[in-house]
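Take a look at the letters that make up each chain.
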Amino acid sequence: MRRRTKIHINPKYVLFACLAICIGLVILSFRYEERLAPVKSAVGYVITPMQKGINSIGSFISDKLDNLKNISELLEENEQLKEQVNLLSYENKLLRQDKYELNELRELYELDQKYLDYPKVAARIISKDTNNWYTFFTIDKGTRDGLAVDMNVLAGNGLAGIIVEAHYNYSKVRAIIDDKSNVHGMFLKTSDTCIVRGDLELMEQGRIRVEMISKDADIYDGYEVVTSHISPKFLQGILIGYVSDIRLDSSNMTKTAYLTPAVDFEHLEEVLIITELKEQLID
Amino acid sequence: MKRFIVYTIEIIICFVLQSSLFHYISLAGVMPNLILILVVSIAYMRGRLPGLLVGFFSGLLVDLFYGSIVGLYALMYMLIGYLAGYANKIYSEDDYTLPLLFIGIGDLLYTFFYYVFEFLLRSRLNLPFYFIKFMLPEVIYTIAASVIVYKLLNGINNLLDRKLKQEE
């Protein structure tokens, strides 16, 4: 026979106990954030492989669905693209000649190719945050592959975010469109600095905010913003996006503008991580 | 003991689905909150104590994996689980409409708490914007998803009840 020992505890006491634990944990995580990292790693070690599996099933299904939906559109597009290919391959030839010339000139002037020379590692995005408010995502590489906190994450040709947590086999990345993200930027043409700040209210328009531009800055719509030399964490000269709607603030001291990121965050699947950290000032 | 194992598996499955697969079925950038459905359903079916504990542990899991402040999600899910546990008094095995209402209220509470803790405290005061763009769609989508999920969870619960009764 089954042994049945019914213990009756008033749920109220359990509630108070758990409440105390929660509040304790909140205080603990505020004060000793780094102590909790091993616990988080252990949880991630178990959960990450599962997410990877489910994720591949999910992308398989959604790929298949998309395939069916788009087949007629694709045929039409194919025609147009073929024409474009012809045109572009011609242009490409011209450009390649130009590039050859450019390389030679660069060698002549001994210019540094900064951006291209950073060592990079590719990773796949395996999960995103569980709620609708934030834009963190998890990638399938971690300290095992030489990643560390504060490394810059690129996608395509622009800045996507920064690693905020690095664990053994996964890392967490905060996108630059996140509400809590702040990046020191700089206008490529005029070298005016600014701050690029994520904003949830603008996210669905696909834009983020640019603040603290000097009022004398001679900038116009469509100018490129790159990461600035004064940024403590971001390497210099990575493309962030293009500005638009520049306005003078009511204080008459600074300008504010919107920025369209160079990265398409809606369809992000693979990212590149620069495995070089910006050198920190040590006093 | 059996019940405990089943709950653990349910929590892990919900969490993994929520964080990986559900991004593919999100509409207009909003996805249903599966973990909340689980917490409220168990609280409604089993009472305050199970609701409280399931809420606490699934919240803790989310915290450890995604939260920057450990304990916040656990607190929110736990309180919602406890409150939803009061609804257990009017639980009936084949009522499929009432739990949807509780899940809706639960999700509204959850999103509101979330707004207060993570946005209001950083002086983002535009509540109507957040309400229309994030809270309302999430609540509606969650209720829609819970039509199926609740039925499934209720089925598992009934099966478990019968199994345990047979053993006695």
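Residues numbered from 1 in each chain as written. Chains lettered and ligands numbered in written order. Predicted model: local features only at pLDDT ≥ 70, side-chain atom pairs only at ≥ 80, totals over all residues.

1. Things to note about the overall build of chain A
Counting secondary structure elements, chain A contains four helices and twelve strands. Each of the 283 residues in chain A was classed as buried or not, and the buried ones make up 28%. (Helix = DSSP H or I, 4+ residues; strand = E, 2+ residues; numbered from the N terminus. Buried ≥ 20, exposed ≤ 12 C-beta atoms within 10 Å, placed from the backbone.)

2. Some remarks on the overall build of chain B
A tally of regular secondary structure across chain B gives six helices and zero strands. For chain B, the N- to C-terminal ordering of α and β elements is α-α-α-α-α-α. Within chain B, the proportion of its 168 residues that are buried is 47%. Across chain B, every contact between residues at least 6 apart in sequence was considered, and the portion connecting residues at least 24 apart equals 69%. (Contact = placed C-beta atoms within 7 Å.)

3. Details of the confidence of the model for chain B
All names here are of chain B. Considering every residue of chain B, the mean pLDDT works out to 84; 95% of them sit at 70 or more. Per-element confidence in chain B ranges from a low mean pLDDT of 83 for helix H1 (residues 2-21) to a high of 90 for helix H2 (residues 34-46). Quick note on the complex model: pTM equals 0.63, ipTM equals 0.71. (pLDDT = per-residue confidence, 0-100.)

4. Some thoughts on the interface of chain B and chain A
Between chain B and chain A, the residue contacts involve 37 residues of the former and 32 residues of the latter. Listed by contribution, the elements that provide at least two residues to the side of chain B that touches chain A are H1, helix H3 (48-65), helix H4 (72-85), helix H5 (98-118) and helix H6 (127-167) of chain B. No other element matches the eight residues that H3 of chain B contributes to the side of chain B that touches chain A. A class-by-class count of the residues in the side of chain B that touches chain A yields 24 nonpolar, eight polar and five charged. (Nonpolar A, V, L, I, M, F, W, Y, C, P; charged D, E, K, R; others polar.)

5. Details of the packing of H2 of chain B against H6 of chain B
All names here are of chain B. Running from N to C, H2 and H6 point in directions that differ by 45°, and their axes come no closer than 10 Å. Our classification of the angle between H2 and H6 gives oblique. At the point where H2 passes H6, the crossing takes the right-handed sense. On H6, the residues touching Leu34, Leu36, Ile37, Leu38, Ser41 and Met45 of H2 are Thr142, Ala145, Ser146, Val149, Tyr150, Leu153, Asn154 and Asn157. Residues of the contact of H2 with H6, tallied by class, amount to nine nonpolar, five polar and no charged. (Axes fitted to C-alpha atoms, helices over the stretch in contact; angles between N-to-C directions. Parallel < 35°, antiparallel > 145°, perpendicular 65-115°, else oblique. Left-handed = near helix turned anticlockwise from the far one by under 90°.)

6. With respect to H6 of chain B
Residue and element names in this part refer to chain B. Compared with the 60 Å implied by 1.5 Å per residue over 41 residues, the 53 Å span of H6 between its first and last C-alpha is markedly short. For H6, the principal kink sits at Ser146 and spans about 40°. Those residues of H6 lying buried are Tyr130, Phe134, Met135, Glu138, Val139, Tyr141, Thr142, Ser146, Tyr150 and Leu153. Turning to H6, the residues buried within the fold contact H2 and H5. (Expected span 1.5 Å × (residues − 1). Bend = angle between axes of the 7 residues up to and from the residue.)

7. What to know about the pairing of strand S10 (residues 239-248) of chain A
Residues and elements named next belong to chain A. As defined by bridge partners, strand S9 (residues 224-227) adjoins S10 across three bridges and the pair is classed as antiparallel. Opposite Val225, over in S10, you have Gly241 as the bridge partner. Pairing analysis gives six bridges linking S10 to strand S11 (residues 254-261), with the strands arranged antiparallel. Looking at S11, one finds that Val243 is bridged to Leu259. In this antiparallel pair of consecutive strands, S10 and S11, the connection spans five residues, and Asn252 shows a positive phi of 65°. (Pairing = 2+ DSSP bridges.)

8. Looking at the sheet that holds S10 of chain A
All names here are of chain A. Strand order in the closed barrel made by the six strands is S6-S7-S8-S11-S10-S9, with antiparallel pairing throughout. Strand-to-strand twist across the sheet, computed as the mean angle between neighbouring axes with direction ignored, equals 40°. Relative to strand S8 (residues 208-214), strand S7 (residues 193-197) is paired through three bridges, and the arrangement is antiparallel. Counterpart to Ile195 in the pairing with S8 is Glu211.

9. With respect to the nonpolar core
Membership of the largest hydrophobic core comes to 96 residues, with the highest contact counts inside it found for Val225 of chain A together with Leu38, Val39, Val40 and Met78 of chain B. In contact with Met78 of chain B, other than residues within four places in its own chain, are Cys18 and Cys22 of chain A together with Leu52, Gly55, Phe56 and Gly59 of chain B. (Core = buried A, V, L, I, M, F, W, Y, C linked by C-beta atoms within 7 Å.)

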